[in-house]
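What the coordinates show
Residues per chain, in single letters:
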Amino acid sequence: MKKIYLIYGAIAIIFIIYLIFTKSNNHLKINNELGKNIYEIYGYDEIYNVKNSKKIERIIENKFSRFNTLKNPLVIYNAYGTNKLSLNVYFYTKENSKIQYNISAENVNDFKIEVYEKEEYTKKHEFQIIGLISGKKNIINISSEAKDGKIENYEFEVNTPEFEVPKIEKTSETNDKKSSSGLYVLLGTLKKDDTTTDDIFLSDDYGNIRGIVPISNTILDNKFASNDTADDFIVYKDGLYYNISTTTITKINNQGKVEDLYSIEGYSKHHDFKIYDDKIFILGNKNNSKTGEDMIVIYDMKSKRIEKVLDLKEIVSEIYNKYIKEKNIEDWIHINSIDVKNDEILISSRELSSVFKITNIYEKAKIEYIIGPKEIYEKTRLKDKVLNKKNNFEIQLGQHTAFFVGDNEIGLYNNGYGNSSSVYWIDWRKYGKDRIDRIEKSYYYLYEVEEKKKEVSLKQIIEVKPSPFMSSSSINDDNIIILSRKSKYLGEFSKDGQKIQEYSLDRYCYRIKKYTFKGFWFK
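Residues numbered from 1 in each chain as written. Predicted model: local features only at pLDDT ≥ 70, side-chain atom pairs only at ≥ 80, totals over all residues. Heavy atoms only, no water.

Here we look at the overall build of the protein
We apply this condition: Where helices and strands are cited, they refer to DSSP runs of H or I of at least four residues and of E of at least two residues respectively, numbered from the N terminus. The buried label goes to any residue with under 20% of its type's maximum accessible area, the exposed label to any with over 50%, and the partly exposed label to all in between, with areas taken from a 1.4 Å probe on protein chains only. Only heavy atoms enter the contact rule, under which two residues are in contact if any of them lie within 4.5 Å. Per-residue and other accessible areas were derived by the Shrake-Rupley procedure at a 1.4 Å probe size, with only the shown protein chains allowed to occlude residues.
Along the backbone of the protein there are four helices and 34 strands. Along the first, second and third principal axes, the C-alpha atoms of the protein reach 95 × 60 × 45 Å. Looking at the protein as a whole, 57% of its 523 residues qualify as buried. In the protein, the share of contacts with a sequence separation of at least 24, taken over all contacts with a separation of at least 6, comes to 57%. Total accessible area on the protein is roughly 24400 Å²; 46% of this is exposed by carbon and sulfur atoms.

Structure follows, in structure tokens:
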């Protein structure tokens, strides 16, 4: 009798495993429209859902086996839904090997990548191919190289669905300077009808769109939550972080799997965030607040809680209480960027045309110095915090994306537009750039700060096409990346300010940055 129970038990276990395997296979099917033996996962429409990603991972684990070799890989189109121009690839090699792939398509430059894996040489390979071209037949060549130099190749084709993507045209380039490695990241790209798209786009140096990352684009019932675009695309440790809505930032791994979500209850984000020391520094608004774009939310990633909130109404209280409060000005400071170093924060205020360095952020935060028009602060004690100009230059106006460069330098995009309805107590006409139609150029500024002397000097200036509002500047591999939104202009410059390559876009874009993605997707 005992043997019979054991037999029945074994049959039951086998049956349960069969049901699980069958159920998993119902979600994983070959899509012949994509290509021969190209799988697709169905039934998990909510992309940014950690439970769904775990279920997809189990489906893949059940399907992936030793029978999947380089010549017979398991290939899944956009397995986790987080990149519409990607493939997830799984196979074993006989020898410990490293991998690279090449993507070619008609009338498009090849895209050759050395794959990053945790172990440089391994037998088990699980990675994401990014860089497919929308609406074309893509020829993929995967190459494995063993330690002894032996190389094997496998080639297959993928017919990628066609998506509506920005057109980026290279208008000039120089051959004596090298462009930085990686991909351009287009954030807040509008559609041709000027409505916001739900996608982040990745572009190569030739202007080909190589990645489409969807975001949720969820708007809260909050008058200050109109900045619904993705604000950055940050590789930090083993993850890639970007905001998918006005309340939530996601973490995905290098296979596109959604691993975590970080939400700021009671607040909504706007404009920018940065990650430092396992904390997310988010430009935020308190829900139902009378003022907006004037708070910094410090979110602890380990406890998944808001650790501290810095209120600019308190930090810049002399301006707020003297000029703003009784007039009920809502968007009075308009913080549009943040950068973090140690216990220091650098923020850019569009309305005050000022950059603030804030220190002691975990205790009682204080302003260390201000770079901006001194006239704004002349009748307050903050005038002593404004750095004096060491050399002769025009102070930045309406700037964006201020960031630390090394120990004592600051880079920023100087829009050059000096006007503010919030700052009514000075005459903006004296700056000569108080009307949009007078803005003929914008600039990248690199400041050198001497804190002890309370001085700032303009160390470098790059003149670009104008944009009175928005736009961005950043650094990648020492090169300077500049977007002028209004002019639909993108440029990459060397560290010494020499032009490397320029592009024109067919639509407006909120920000464009460039990242190497080394140690994440690429070796």
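So, next bit.
Describing the confidence of the model for the protein
Interpreting fine coordinate detail is not advised for predicted regions of low pLDDT. Heads up, the condition is: For every residue, the predictor assigns a confidence score, pLDDT, that lies between 0 and 100.
With 91% of its residues at a pLDDT of 70 or more, the protein has an overall mean of 92. Residue range residues 18-23 is modelled with pLDDT below 50. Its contacts to residues more than four positions away, or to other chains, number one contact. Every residue in residues 218-222 is under pLDDT 50, and counting partners more than four places away or in other chains gives 16 contacts.

Regarding the side chain of His271
For the record, the criterion: In protein, a polar contact means a hydrogen-donor-capable atom and an acceptor-capable atom, both N or O and within 3.5 Å, with residues adjacent in sequence counting only if both atoms are side-chain atoms; elsewhere, any N or O pair within 3.5 Å suffices.
Along the chain, the position of His271 falls in strand 17 (residues 267-276). A distance of 2.9 Å separates the side chain of His271 from the side chain of His270, its partner in a polar contact.

A short note on the nonpolar core
Inside soluble globular proteins, nonpolar side chains tend to come together where they are buried. Applied cut-off: The criterion is simple. A nonpolar core is a set of buried Ala, Val, Leu, Ile, Met, Phe, Trp, Tyr and Cys residues joined through side-chain atoms within 4.5 Å.
Counting 55 residues, the largest nonpolar core has Leu87, Tyr101, Ile142, Phe233 and Tyr242 as its most contacted members. Per-element accounting of this core gives the leading share, six residues, to strand 4 (residues 86-105). If we skip the residues at most four places from it in the chain, Phe233 touches Val185, Ile200, Leu202, Val213, Leu240, Tyr241, Tyr242, Tyr515, Phe517 and Trp521. Within the second largest apolar cluster, 53 residues are counted, among which are Val355, Ile370, Ile376 and Ile395.

Remarks on helix 2 (residues 50-63)
Here is the rule we go by: In a helix, the anticipated span is given by 1.5 Å times the number of residues less one. For this quantity, the arc is that covered by the directions from the helix axis to the C-beta atoms.
With 14 residues, helix 2 should cover 20 Å at 1.5 Å per step; its first-to-last C-alpha distance of 20 Å lies within 8% of that length. For helix 2, the set of buried residues is Asn52, Ser53, Ile56, Ile59 and Ile60. Relative to the axis of helix 2, the buried residues are bounded by an arc of 115° and lie together on one face.

Details of helix 4 (residues 317-324)
Residues lying three or four places apart along an α-helix face the same way, a consequence of the helix completing one turn every 3.6 residues. For helix 4, the complete set of buried residues consists of Ile319, Tyr320, Tyr323 and Ile324. On an axial view of helix 4, the arc spanned by its buried residues comes to 105°, and they lie on one face. Packing partners of the buried residues in helix 4 comprise helix 3 (312-315).

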